[in-house]
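Chain by chain, the residues run as shown.
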Amino acid sequence: MTELRFETVDVGNLRVHVCSTDKFKTHMMVAMVQQELSPETVTLHALLPSVLQRGTRSYPSTVQLKRKLDELYGANMFGDVFKRGERHILQMGLELPDAAYLSEADALLDDGAAFLGELLHQPVTEGEAFRESYVKAEKKNLRQKIESLMDDKIRFAAHRCVEEMCEGEPYALFNHGRLQDLDAIDPQNLYTYYQELLSSRPIDLYFVGNLDTDRAVRLVENHFPSGNGARREISPAAVREGAGEVREVVDRLDVNQGKLNMGCRTGVTLADDDYPALQMYNGILGGFPHSKLFINVREKASLAYYAASRLESHKGILTVQSGIEIDNYQKAVDIIREQFDLMERGEFTDAEVNQTRAMLTNQLKERQDRAHDLVDSHYHGMLSGRKRPLDQMIDEVQRVTADQVKAVAGKVRLDTIYFLRDKGGVGNEKA
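Residues numbered from 1 in each chain as written. Predicted model: local features only at pLDDT ≥ 70, side-chain atom pairs only at ≥ 80, totals over all residues. Heavy atoms only, no water.

What is the right way to read helix H11 (residues 350-366) from this model?
Residues lying three or four places apart along an α-helix face the same way, a consequence of the helix completing one turn every 3.6 residues. Here H11 spans 24 Å end to end across 17 residues, near enough to the 24 Å set by a 1.5 Å rise per residue. Those residues of H11 that fall on the buried side of the exposure criterion are Glu-352, Val-353, Thr-356, Arg-357, Leu-360, Thr-361 and Leu-364. On an axial view of H11, the arc spanned by its buried residues comes to 160°, and they lie on one face. Buried residues belonging to H11 abut helix H8 (275-287), helix H9 (292-300) and helix H13 (390-399). (Helix = DSSP H or I, 4+ residues; strand = E, 2+ residues; numbered from the N terminus. Expected span 1.5 Å × (residues − 1). Buried < 20%, exposed > 50% of the residue type's maximum accessible area, 1.4 Å probe, protein only. Arc of directions from axis to C-beta. Contact = heavy atoms within 4.5 Å.)

Help me understand helix H2 (residues 62-71), please; the structure alone is not making it clear to me.
What H2 keeps buried is the set Leu-65, Lys-68 and Leu-69. Down the axis of H2, the smallest arc covering the buried residues is 100°, so these residues share one side. Facing away from the buried side of H2 by over 90 degrees, the exposed positions are Val-63, Lys-66 and Asp-70. One or two positions beyond H2, positive phi appears at Tyr-73, with a value near 55°.

I tried to follow the nonpolar core on my own but got confused; where do I start?
What tends to happen in soluble globular proteins is that the nonpolar side chains get buried as a cluster. Residues Phe-130, Leu-190 and Phe-207 are the most contacted members of the largest nonpolar core, which totals 62 residues. Broken down by element, this core gets its largest block of residues, seven residues, from helix H3 (residues 105-121). Discounting residues that sit within four places of it in the chain, Phe-130 has contacts with Leu-48, Val-51, Leu-52, Pro-123, Val-124, Thr-125, Val-135, Pro-187, Leu-190, Tyr-191 and Tyr-194. One finds Ile-326, Met-343, Val-353 and Phe-419 within the second-largest nonpolar core, a separate group that totals 47 residues. (Core = buried A, V, L, I, M, F, W, Y, C linked by side-chain atoms within 4.5 Å.)

How do you make sense of the sheet that holds strand S3 (residues 26-36) when you look at a structure like this?
Paired through their backbone hydrogen bonds, the strands of a sheet run either parallel or antiparallel. Taken together, six strands build an open sheet; the order of strands is S1-S2-S6-S3-S5-S4 and the sheet is mixed. At either margin of the open sheet sits one strand with a lone partner, and together these are strand S1 (7-11) and strand S4 (76-84). Neighbour-to-neighbour, the strand axes of this sheet turn through a mean angle of 20°, independent of strand direction. Pairing of S1 with strand S2 (residues 14-20) involves five bridges; the strand directions are antiparallel. By the bridge assignment, Val-11 is partnered in S2 with Leu-14. (Pairing = 2+ DSSP bridges. Axes fitted to C-alpha atoms, helices over the stretch in contact; angles between N-to-C directions.)

Sorry, what's going on with the packing of aromatic side chains here?
Two descriptors summarise a pair of aromatic rings, namely the distance from one centre to the other and the angle between the planes of the rings. Inspection of every chain in the model, using the stated rule, returns seven aromatic pairs. Aromatic ring contacts, followed pair by pair, group Phe-6, Tyr-206 and Tyr-379 into a single cluster. Above the ring of Tyr-171, the side-chain terminus of Lys-83 is found at 4.1 Å from the ring centroid. (Phe/Tyr/Trp six-rings, centres within 6.5 Å; stacked < 30°, edge-to-face > 60°. Lys NZ or Arg CZ within 6 Å of the ring centre and 35° of its normal.)

Quick question: what am I supposed to make of the state of the cysteines here?
Following the criterion strictly, the structure yields zero disulfides and no others. Cys-161 forms no disulfide, and the closest cysteine sulfur to it belongs to Cys-264, at a distance of 8.5 Å. (Disulfide = S-S within 2.5 Å.)

How should I be thinking about the pattern of salt bridges in this particular structure?
A full pass over the atoms with the stated rule returns 34 salt bridges. Two residues, Glu-299 and Arg-298, come together in a salt bridge whose shortest N-O distance is 2.3 Å. Take Arg-298: its relative accessible area is 30%, and that puts it in the partly exposed class. The partner of Asp-422 in a salt bridge is Arg-421, with the nearest N and O atoms 2.9 Å apart. By relative accessible area, Asp-422 is classed as partly exposed at 24%. Among the ionic contacts, a cluster of salt bridges with common partners joins Glu-86, Glu-169, Arg-240, Arg-265, Lys-315 and Asp-415. (Salt bridge = Lys/Arg side-chain N within 4 Å of Asp/Glu carboxyl O.)

Just checking my understanding: could you explain the side chain of Ser-313 for this structure?
Tracing the chain through its elements places Ser-313 in the loop between strand S9 (306-312) and strand S10 (317-324). Given a relative accessible area of 10%, Ser-313 falls into the buried group. What Ser-313 contacts, discounting residues up to four positions off in sequence, is Thr-269, Leu-270, Tyr-275 and His-380.

Explanation requested: unusual backbone geometry in the structure shown.
Peptide bonds are trans in most cases, and residues, glycine excluded, mostly fall at negative phi. If you check the backbone angles, Tyr-73 has positive phi at about 55° while not being a glycine. Within the secondary structure, Tyr-73 is located in the loop between H2 and S4.

Just checking my understanding: could you explain the sheet that holds S10 for this structure?
As summarised here, the arrangement of the five strands in space is S7-S11-S8-S10-S9, forming an open sheet in which the pairing is mixed. Taken across any chain shown, the strands that pair with only one partner, and hence form the sheet edges, are strand S7 (247-252) and S9. Each adjacent strand pair in this sheet contributes to an overall mean axis angle of 15°, direction not counted. Note: S9 against S10, seven bridges, orientation antiparallel.

What is the right way to read the side chain of Glu-169 from this model?
Along the chain, Glu-169 falls in the loop between helix H5 (153-165) and helix H6 (187-200). For Glu-169, the side chain forms a polar contact with the side chain of Lys-315, separated by 2.6 Å. With residues up to four places along the chain from it excluded, the contact list for Glu-169 reads Glu-86, Ala-238, Arg-240, Arg-265 and Lys-315. (Polar contact = N/O pair within 3.5 Å; in protein donor to acceptor, adjacent residues only side chain to side chain.)

What's the story with the confidence of the model for the chain in this structure? I'm lost.
Caution is warranted with low-pLDDT regions, since their predicted coordinates should not be read in detail. Chain-level statistics for the chain give a pLDDT mean of 93 and a share of 96% at 70 or above. Per-residue pLDDT stays below 50 along residues 427-431; that stretch engages in eleven contacts with residues further than four places along the chain or on separate chains. (pLDDT = per-residue confidence, 0-100.)

Where do I start with the environment of Glu-196 in this structure?
Inspection of the secondary structure puts Glu-196 in helix H6. Placed 44 residues apart in sequence, Glu-196 and Arg-240 show a C-alpha to C-alpha distance of 31 Å.

Sorry, what's going on with the environment of Asp-251 here?
Structurally, the position occupied by Asp-251 is in strand S7. Residue class for Asp-251 comes out buried when judged on its relative accessible area of 16%. Leaving out residues up to four positions away in the same chain, Asp-251 has contacts with Phe-156, Arg-160, Tyr-418, Phe-419, Leu-420 and Arg-421. Of note is the side chain of Asp-251, whose polar atom sits 2.7 Å from the side chain of Tyr-418.

So this is what it looks like as structure tokens:
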């Protein structure tokens, strides 16, 4: 397998990452802006991408913006925020056709970079503020997005489990912000925040497509303001070891199906040597349809409508999500905890290990097929401080032994059991 790799260069105080390939029929350009995950900035940061996508100095209305995207042969503009550990990441990007066979190929690439640069650095303003009507509308949209978390009970339960488990830690915050902050945000203070963010926080620019590094550097020099001043690095997440008594938290809402989530501390992150073993652990436990949670909790015991586990690779957290009949709470807790015990005792078969290894390897290989995944995978390495190229990660997964999986299982400690249930009966509600 020929791996697609990034070359990284500095342009002023911007980091530029270029993956030169003719594999895709598009060019992708993405800007990533880091911020600390904190109560003071989480909602301001979450609001920015939608406000920036409302218009630019040259294309100040939605109609003009869409017309420009049409001129770029139907380019796709995107923006969002997400958290990686305790970093809050603002993403703005553009995907446009690879015009290699068009006479204006070079001009289209240049035009696309100019548009993304303007989208990020030249928003619509009224004096020293964002356009008031845009901020008002996007605040309303963000309010609906935050409130809609309650409507998706699977996502709500996952968030509440992490919120309780990481109480007092930045990671407890919802990446789309907090309702109580919205009223205080206005066009002026949001614009002031935006200016300070872009001038002082780390910015990474990604280019994936049929262009070389020199070409990407020229695009950045021409269309993205850079300086020589140092940008403030954002500290990695504080990783806590599992300790103390397991907490049980119950929320009551109008639901028919219970959501049982568990949060574990692993003490292992993407930067650690035993991270590949933790990936294997998660795969055997609950990452795939052949995993213990799926087979033993859902299929054999018929206790769950779904049961799976996932890793947060920067915070060192593993979470289990399941949907159960409300009356089956204790049975489900017991059998899920039993799966943790089986892993810690090394009671998994060669077939489970080999199937998980094959599934993980296929997942890693599939990242090569999507430009978004290439960017995301490389950015994970940038943030963790440990870059693991795809071929290296595959090799490390291939070499993980059953003993290493058992050893990492010994580090996994259950921290919080969260249950979302109906309003009847008796439970352990949090005051």
